[in-house]
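Given next are the chains, with one letter for each unit.
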Amino acid sequence: MANSKDSIEVKRVEAAFNPVQDQDLDIYGEELRKYTIVDVDVHVDDTLQNMLPYMDGHFGKRLEAVLTADFMGEPHNSLRNMIAHVSWLGAAYDKHPRAKLATKEDLLDRMEYGIIDYSILFPSELLPIGYLPDPKWAASLASAYNEYMVDAYSNVAGVKIAIVVSPKSVEHAVIEIEKYASNSDVVTVSIPDVGVNPPLGDKKYWPIYEAAEACNLPVSLHGIEALIHDNYPLRVAHFPTLMQVHSMGFPFTSMLQVMSVVCEGVPVRYPNLKFCVMEAGITWVPFIMHRLDTAYRQYRTELPALEAQPSEYISKWYWGTHELEKLPKKGDLSKLLDLYQGHDTTMWASDWPHLERDLIAGLMYYDLDDEVRAKILGKNAIEFYGITT
Amino acid sequence: MKMNKAKRKVAVAPVDEFPPGERVEIKVGKISIAVFNVKGEYFAIFGICPHQSAPLSRGRLQGTVVCNEHTNWEKEWAHDGEVLVCPGHAMEFDLRTGKAFGYGMKLRTYDVIVEDDWVTVIL
Ligand code: FES
């Protein structure tokens, strides 16, 4: 309630045409300063054109052709957008402030504000490589991306890199992992997990896990709106709206992949390999843990490799918070963390600069012990990615 | 005893400096209020989004799609220019009532008057 002693400030303002960012909010004050904040899901969107010099021969030509497509007024972002929004174009009536495509400069500007101490860079335009049908094209894009990112972002203060591998090109993925293992700025192997068939527990992917474990690199599964692909779990033709695709696409894919990796015994075979899931929210985590445990009681003989209930393996996975669900009560996040034992495994993630990116205010809304808040905002990520501060 | 709480007035800007299409943000202590001139009509609404606290004074004004018994359950474009879209993640608020479209929730709105040629918000 305003009272008569409150100071009054009047400021002329303008409508924001890009989504507002953490630094546009003045509600944090000094509060955030005491935390080391790691944003575990950050993107730059200008990688396709920057990758071009790293691609030879006919794949270079092919990328050139992709880059000339101007989709939704966003040239150079065509690969992602073409697959992303064509079916539901206009259905949101352009409500959202249009996300500016972020460049390296934008990333550095954001870091400069001093709110975020570390950013983990994940692929953006390359997230669909999980379902690009041609494994060689996917591998060639992944190579060029990794080479460019390591050239452009190694030794940039506070920036760490997720190299990307295509699950369709297992041998190539192993080569990429081994190539970058000794670079201390490369902190994880990102597997874009949408449209991957068979799902990621399958034996054919095990060499990827073996290499990642040997190189001490954790694996991050990163989703994308399950858009045009026609694989399980979502045949998107069922959905008339992008909202439905978006809501179910991320968590359903994640649940499928978690279930597959755990049930196929990957955590038993590679006990030192760490996994995390990005961009699927977190409210479903207790569901999949306990749902699988329930079925395990009856069907355990189908999974003889497991030495414990599925939930025991899943409780060791890490989770990026984005898109952090807004639960009705301020105490609800704490209850949720109890349900999946997530105090040491939940990592704050914004998905900056994409439209749905979370603001830190979304986490600060919840009542949490200060130590738990510090873990979620940074300490868990420092542990997971092995960042030396 | 009935308390007769005096309303507090905040003079925001001279009328001729607050033309249609303009907006200002006022901060009264910790409270933030967004004030708009839409085609000559003034609106003031609580200025912090209940989702993740984005400043509503920076939201775009648009229309929205409605679908109810008055439209015979068909989708229709409505409220053109009077829907405040949060610059965070696009929650929509009716400037006239503060009601969030699609939510059982309402932001506080404030009366705005012109007094001595000043646009004035009544808290
Ligand atoms: S902050 Fe307003 S919709 Fe997210």
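Owing to the predicted nature of the structure, the values given are computational and were not obtained by experimental measurement.

### Some points on the overall build of chain A
Per the secondary structure count, chain A includes 14 helices and 9 strands. Going through the 389 residues of chain A one by one, you find that 59% of them count as buried. Counting only carbon and sulfur atoms, one obtains 52% of the accessible surface of chain A, whose full area is about 16,700 Å².

### Focus: the environment of Phe59(A)
Within the secondary structure layout, Phe59(A) lies in helix α2 (residues 57-68). Spatially, the C-alpha atom of Phe59(A) lies 6.8 Å from that of Trp137(A), the residues being 78 residues apart in sequence.

### Section: a negative patch on the surface
A cluster of acidic residues, Asp16(B), Glu17(B), Asp116(B) and Asp117(B), forms a negative patch at the surface. For Glu17(B), the location among the structural elements is in the loop between β1 (9-14) and β2 (23-28).

### Some points on the pairing of strand β3 (residues 118-122) of chain A
Looking down a regular strand, the side chains alternate between one sheet face and the other. Residue and element names in this part refer to chain A. The element β3 is largely enclosed, with a buried count of 5 among its 5 residues. Burial of β3 is two-sided: the residues Tyr 118, Ile 120 and Phe 122 facing one way and the residues Ser 119 and Leu 121 facing the other way are all buried. The sheet contact formed by strand β2 (residues 38-43) and β3 spans 4 bridges and is parallel. Directly across from Val 42, in β3, lies its bridge partner Leu 121. Judged from the 3 bridges that link them, β3 and strand β4 (residues 159-164) form a sheet pairing that is parallel. Along β4, the bridge assignment pairs Leu 121 with Ile 161.

### Comments concerning the side chain of Arg23(B)
With respect to the helices and strands, Arg23(B) occurs in strand β2. Despite its burial, Arg23(B) pairs with no opposite charge; the closest candidate is Glu22(B), at 7.8 Å N-O. A polar atom in the side chain of Arg23(B) sits 2.6 Å from the backbone oxygen of Ser57(B). Discounting chain neighbours no more than four positions away, the residues touching Arg23(B) are Arg12(A), Val13(A), Glu14(A), Ala15(A), Phe18(B), Val35(B), Phe36(B), Ser57(B), Arg58(B), Gly59(B), Arg60(B) and Leu61(B).

### Some points on the pattern of salt bridges
With the rule as written, the count across this model stands at 15 salt bridges over all chains. A salt bridge links Asp344(A) to Lys375(A), with the nearest nitrogen and oxygen atoms 2.5 Å apart. Here Asp344(A) is found in the loop between α12 (332-340) and β9 (346-347), whereas its partner Lys375(A) is found in helix α14 (residues 370-385), with 31 residues between them in sequence. In this structure, Glu115(B) and Lys9(B) form a salt bridge, with 2.8 Å as the shortest nitrogen-oxygen distance. Of the two residues, Glu115(B) sits in strand β8 (residues 109-115) while Lys9(B) sits in strand β1, which places them 106 residues apart along the sequence. Residue Lys9(B) is classed as partly exposed on the basis of its relative accessible area of 44%. The network of salt bridges with common partners includes Lys11(A), Glu25(B) and Lys27(B).

### Focus on the environment of Pro87(B)
Looking at the secondary structure, you find Pro87(B) in the loop between β6 (76-85) and β7 (92-94). Spatially, the C-alpha atoms of Pro87(B) and Ala11(B) are 26 Å apart, while their sequence positions differ by 76 residues.

### Observations concerning the nonpolar core
Ranked by size, the top nonpolar core spans 122 residues in total, and within it Met51(A), Tyr153(A), Tyr209(A), Trp319(A), Ile360(A) and Phe93(B) carry the most contacts. Sorting elements by how many residues they give to this core places helix α5 (residues 135-153) of chain A first, with 11 residues. For Tyr209(A), the contacting residues outside a window of four places in its chain are Ile191(A), Leu200(A), Val219(A), Val261(A), Val266(A), Tyr270(A), Leu273(A) and Phe275(A).

### Observations concerning the confidence of the model for chain B
Here chain B averages 92 in pLDDT, while 96% of its residues score no lower than 70. Scoring of the predicted complex yields 0.89 for pTM and 0.77 for ipTM.

### Quick word on the packing of helix α6 (residues 170-180) of chain A against helix α7 (residues 206-214) of chain A
Residue and element names in this part refer to chain A. Packing of α6 against α7 leaves a shortest axis separation of 8 Å and a crossing angle of 5°. Looking at the two axes, α6 sits roughly parallel to α7. When α6 is examined against α7, the residues Val 170, Ala 173, Val 174 and Ile 177 are found in contact with a partner set consisting of Pro 207, Ile 208, Ala 211 and Ala 212. Across the contact of α6 with α7, the residue classes break down as 8 nonpolar, no polar and no charged.

### Structural notes on α5(A)
Residues and elements named next belong to chain A. The first and last C-alpha atoms of α5 sit 26 Å apart over 19 residues, in line with the 27 Å expected at 1.5 Å per residue. Taking burial as the measure, the 19 residues of α5 include 14 buried ones, the bulk of the element. Two to three positions downstream of the cap, the backbone nitrogen of Lys 136 sits 2.9 Å from a side-chain oxygen, assigning the N-cap of α5 to Asp 134. Of the residues flanking the end of α5, it is Asn 155, one or two places downstream, whose phi is positive at about 60°.

### Section: the side chain of Thr64(B)
Looking at where Thr64(B) falls in the secondary structure, it is placed in strand β5 (residues 60-66). Within the structure, the side chain of Thr64(B) is placed 2.6 Å from the side chain of Glu92(B), a separation counted as a polar contact.

### A word on the interface of chain A and chain B
Frequently, the measure chosen for interface size is the accessible area that the parts lose on association. Contact residues are listed per partner, giving 35 residues for chain A and 42 residues for chain B. Along the contact surface separating chain A from chain B lie 2 salt bridges. The shortest N-O distance in the salt bridge between Glu22(B) and Arg12(A) comes to 3.0 Å. Joining chain A to chain B, the criterion identifies 15 residue pairs in polar contact (both at pLDDT 80 or more). Secondary-structure elements contributing two or more residues to the side of chain A that touches chain B are β1 (8-13) and α13 (361-364) of chain A. The biggest single contributor to the side of chain A that touches chain B is β1(A), with 6 residues. Bridge analysis of β1(A) against β2(B) gives 6 bridges, and the strand direction is antiparallel. Each bridged residue has a counterpart across the sheet, and for Val10(A) the counterpart in β2(B) is Ile26(B).

The rules behind these values
Residues numbered from 1 in each chain as written. Chains lettered and ligands numbered in written order. Predicted model: local features only at pLDDT ≥ 70, side-chain atom pairs only at ≥ 80, totals over all residues. Heavy atoms only, no water. Helix = DSSP H or I, 4+ residues; strand = E, 2+ residues; numbered from the N terminus. Buried < 20%, exposed > 50% of the residue type's maximum accessible area, 1.4 Å probe, protein only. Areas by Shrake-Rupley, 256 points an atom, 1.4 Å probe, with all protein chains shown as cover. Patch = residues over 30% accessible without salt bridge, like charges linked within 9 Å, V, L, I, M, F, W, Y side chains within 5 Å. Salt bridge = Lys/Arg side-chain N within 4 Å of Asp/Glu carboxyl O. Lys, Arg positive; Asp, Glu negative; His and termini not counted. Charge placed at Lys NZ, Arg CZ, Asp CG, Glu CD. Pairing = 2+ DSSP bridges. Polar contact = N/O pair within 3.5 Å; in protein donor to acceptor, adjacent residues only side chain to side chain. Contact = heavy atoms within 4.5 Å. Core = buried A, V, L, I, M, F, W, Y, C linked by side-chain atoms within 4.5 Å. pLDDT = per-residue confidence, 0-100. Axes fitted to C-alpha atoms, helices over the stretch in contact; angles between N-to-C directions. Parallel < 35°, antiparallel > 145°, perpendicular 65-115°, else oblique. Nonpolar A, V, L, I, M, F, W, Y, C, P; charged D, E, K, R; others polar. Expected span 1.5 Å × (residues − 1).

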